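Tertiary structure, described
Spelled out, the chains give:
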Amino acid sequence: MKMTRSLSKFVKELQTIVGEENATDDKAICASYSRDQHWHFVPAKNPAYIVRPGNKEEVRRVLTFANNEKIPVIPYSTGINVRGLTIPVHERSILLDLSRMNRIVEINPEMMTATVEPGVTFGMLLEKTKKYKLRPAFPDAPLTASVLANYYLRGIYQTSAVDGHDHTLSYEMVLPNGETIKTGSRSLSEMPYFRYGVGPDFTGVFCAHPGTCGVVTELTAKLYRLYDNRKEYFVGFDDAGTPRKIIYNLMHDELAASIRLVDNQSWLKGICGTFDYPYEKLPKFVLCVLVEGVDGIFEAKDKLVQEYIKESGGTVLEFPEEFKRTFEEESLGGAEKSCMVFGLRGNYHCIGLYGPLTLAAQYYEVHEKTALEVGIPQDHIHFYINPIYSFHGQLCYFELDIFYDGGDLGFGEKLRNYNEKQFQRLLDLGIYGWFRPYAGIIGPTADRIGYLAEVWKKFLRVLDPNEIMNRGKLF
Amino acid sequence: MEQERKEEILSAIHHCVKCKLCSISSFHPNAEWLPLCPSGQFYGYQAFYAPGRMEIFREILDGEITEPSEGLLKSAYACTLCGACYERCKQITSMELRLPELFEEMRAELVKKGWALDVHKNIADKIKETRNAYGEKYEYKAKSTDGNADVLYYIGCTARYRVPEIADAMLQIFDKLGIKYQVMDEEWCCGSVLLRTGQVEAAKELMEHNIEEIKMSGAKTVVFTCPGCLMTFERNYPDMGVELLHSTQLLTRLGSMKVKKLGLEVAYHDPCHLGRDLGIYDEPRAVLSTVADIKKMKREREEAWCCGSGGGVKSAYDEFALWSAEERLKEAKEAGAAALVSACPFCKRNLKEAADKEGKGTEVYDIVELVNRSLEG
Ligand SMILES: Cc1cc2nc3c(=O)[nH]c(=O)nc-3n(C[C@H](O)[C@H](O)[C@H](O)COP(=O)(O)OP(=O)(O)OC[C@H]3O[C@@H](n4cnc5c(N)ncnc54)[C@H](O)[C@@H]3O)c2cc1C
Ligand code: SF4
Ligand code: SF4
């Protein structure tokens, strides 16, 4: 079959920048980027062009071209987000697939940092850092996800209990007008290792924007030590309130690398790495604790952890050795099994939020109540808590999960109803913030943040006056 | 496509969460980043990875893609149907349809719309004319040693016309072991290449002929050196009441043969149809280990890297096929092997071509060649 097709003027221009092989408007190729796991909320839509730049200069030229022509641009590093963040809102969008830019620019074991391009995944990075006995902080996102995009968006990490949730030190970002800005110490020197370079925390100001400011082409992040001494504990509880005390104690005394309170039917399966175990016979909630450290300190921490477990009111669960190993690998070696949660029913929906540990039981209560009200069956309702270092404000990440059959089109309606009620209820109950901004959640929240919403919009307009950068994913 | 089937397929596609774990081999416990999907790794766009290809299929089924395009055909046909993605995915999610079969059905949909690749249509024409996939007009010379033998050797097009050393070796092994065998007077292509490229209708006549011939032969066991043929007989042919065996299964069953080690350090390449499709991993290793020392490669068994030639790729996208084979040769070399051994004529042909192109001296064999060489006559 002969394919004759005339290329549009735009594709020709884009091909002159990135090479013929790396820009296309082929409908089928574009279709392959049309949907992610969040399609019940963000319906499928094809980008008009896919462009795969190979270096910063090409990124700069593509952005300048798009800005002049007022073509919307969607940055895309690995596309593993779960919020429809790279699905076009507008016609004629360029999807800027940055996965070819996958150089690890530097691993600096002395500074304990790594500098990476957008296409570097967590797996690729650990492969190189492990020889220095260093690791990145791993999210539960599969280790095929981009380190740069994940840190830039700011996420939640398996080792939040010891590493916190800010791993970004500095980065380089190309703006729509073709200018490049460097944040932190990067703006002043060749040393990109300090977050606060000049004046305000610019690194933070641009962070957690779903591609709505510019394109980050290089980012320097913190690395953390990999210790030889490790130990795991699994403690069962019948309710979400009782484990509060031990979580508080462990966090307050900075004893554990990873602390996760999960229910026995969802994330625990990924943590243990198998569906095949009588999880239903376990207590409803399981606290998973990982202790690590250098000789001496490790033993001291472990002793205290054991004492706190004894007085926690929970039951120590004896799991097979391979479950412990999987928990360790998932926490300190990157998430490979976490995606098993999708295998529970075929898809998952969650509201992720930051709040104080003191409200743990209420968050769970309101989650259950709203879900049941909108007709979501009890056995689809799940929950987990991940406390975050440092523990000021008893900061925790809470995830209100619903696992459902992605093929059940009617379920989408229930989830939308759930969201509508739940956002308001959570805001009424009091939260510190949402996990990450995305259109669905910013809408109902904007009214509550007063003039800040106006300032935020103006800030984006200054950076991107032609509104080409992934508009519609925030406001 | 029937509505029920369409819904089943769409439901499977909806269950893909785009985690892309199917593009790499198991990461833990060695923490090594090892790509697994040849087509994605070579072409780069999401359209060439399983999750992206599924979205294209969804748009075809939903009627959103109404015209063929170069990208559509390339995405659909530049996939070796190696099944590595499925092996990984099933460990993770509840993907209920085998991905290679899903992609085969995608191709069948394209063919129905008249969007087959010319090169694949040419193969169908050649088969129609000559009953073999290479359009060869001569006969591979082989004679039954006993027209009533229980064992029938189904040679397959590739071993007859492109890598006859495999068929020769198998026939000599039968002779050396004193096994009486039949070969078909008129062996027609098994239809694999047509089925894999979506040309389902064209395969029917071939299948009917072969079934008839095998029934008439009275053989109790049909032996294959080609896993593609074997898989097609297992999956697409009706049960003929005969046993279907791969050469390495037969040799394992025979137990100790009078073989000596050849002093070769080799790596074993799992053919996709033999390993992932039929679950035959141990027998080839058992046989090979009697004649050579096996060096372990990083990606093996369920997570083996494909040689690059399957699914109609060799005929349509040879550059990609050879690149895939080169990657495998590199891996064998890294493992310290002087030779790469497979158990499939298709793999041998592509790997050998890549090795010759590279010219760096990695030898490529089929297991039966080494067994034949070391068997005392
Ligand atoms: C099972 C599962 C569990 C998860 N758990 C976690 C978790 O525990 N913690 C966590 O943090 N996340 C989690 N995630 C969410 C998500 O996958 C990750 O945050 C992921 O890193 C974001 O996707 P990505 O890196 O592929 O970026 P993309 O999907 O490529 O992009 C995401 C957003 O960032 C923008 N963007 C991408 N690259 C750039 C760039 N170079 N410059 C500017 N903007 C850019 C895009 O426009 C888009 O808006 C999970 C996902 C899954 C599937
Ligand atoms: S592993 Fe399965 S669910 Fe994940 S992207 Fe691949 S096909 Fe989809
Ligand atoms: S069958 Fe093989 S080549 Fe095709 S998508 Fe799956 S892993 Fe890639």
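The rules behind these values
Residues numbered from 1 in each chain as written. Chains lettered and ligands numbered in written order. Predicted model: local features only at pLDDT ≥ 70, side-chain atom pairs only at ≥ 80, totals over all residues. Heavy atoms only, no water. Pairing = 2+ DSSP bridges. Helix = DSSP H or I, 4+ residues; strand = E, 2+ residues; numbered from the N terminus. Contact = heavy atoms within 4.5 Å. Axes fitted to C-alpha atoms, helices over the stretch in contact; angles between N-to-C directions. Near = heavy atom within 4 Å. Nonpolar A, V, L, I, M, F, W, Y, C, P; charged D, E, K, R; others polar. Right-handed = clockwise from strand over helix to strand, strands pointing away. Buried area = accessible area lost by both parts, 1.4 Å probe. Salt bridge = Lys/Arg side-chain N within 4 Å of Asp/Glu carboxyl O. Polar contact = N/O pair within 3.5 Å; in protein donor to acceptor, adjacent residues only side chain to side chain.

1. As for the sheet that holds strand E2 (residues 49-51) of chain A
All names here are of chain A.
- Taken together, the four strands give an open sheet; going across it, the order is E1-E2-E4-E3, and neighbouring strands pair in mixed fashion. Unpaired on one side and paired on the other, strand E1 (23-24) and strand E3 (73-76) mark the two borders of the sheet.
- With three bridges connecting them, E2 and strand E4 (residues 94-97) associate as parallel partners. Paired with Tyr49 across the bridge in E4 is Ile94.
- Contacting E2, E3 and E4, helix H3 (residues 56-69) runs over the sheet at an angle of about 170° to E4.

2. What about the site of ligand 3?
Residue and element names in this part refer to chain B.
- Surrounding ligand 3, one finds 13 residues, the nearest of these being Cys37, Arg53, Cys79, Cys82 and Cys85.
- Those elements giving two or more residues to the shell around ligand 3 turn out to be helix H2 (38-43), helix H3 (50-61) and helix H5 (84-92).
- Across the shell around ligand 3, the residue classes break down as nine nonpolar, three polar and one charged.

3. Overview of the pairing of strand E4 (residues 243-246) of chain B
Residues and elements named next belong to chain B.
- Both strand E3 (residues 221-224) and E4 contribute to a ladder of four bridges, which runs parallel. Following the sheet pairing, Thr221 is matched in E4 by Glu243.
- You can see the chain leave E3, run along helix H12 (residues 227-235) and come back into E4, and the turn it takes is right-handed.

4. Topic: the environment of A:Asp447
- In this fold, A:Asp447 is placed in the loop between helix H15 (439-446) and helix H16 (451-463).
- In this structure the C-alpha to C-alpha distance between A:Asp447 and A:Arg100, which are 347 residues apart in sequence, comes to 40 Å.

5. Side note on the interface of chain A and chain B
- Chain A puts 52 residues into the contact, and the matching count from chain B is 47 residues.
- Here chain A and chain B share an interface that buries about 3,900 Å² over both sides, 58% of which is from carbon and sulfur atoms.
- Here chain A and chain B share two salt bridges between them.
- In this structure, the salt-bridge partner of A:Glu336 is B:Arg88, at a minimum N-O distance of 3.0 Å.
- Inspection of the chain A/chain B interface yields 24 residue pairs in polar contact (both at pLDDT 80 or more).
- At the level of secondary structure, the elements contributing two or more residues to the side of chain A that touches chain B comprise E1, helix H2 (27-31), helix H4 (122-129), helix H11 (321-333) and helix H12 (340-345) of chain A.

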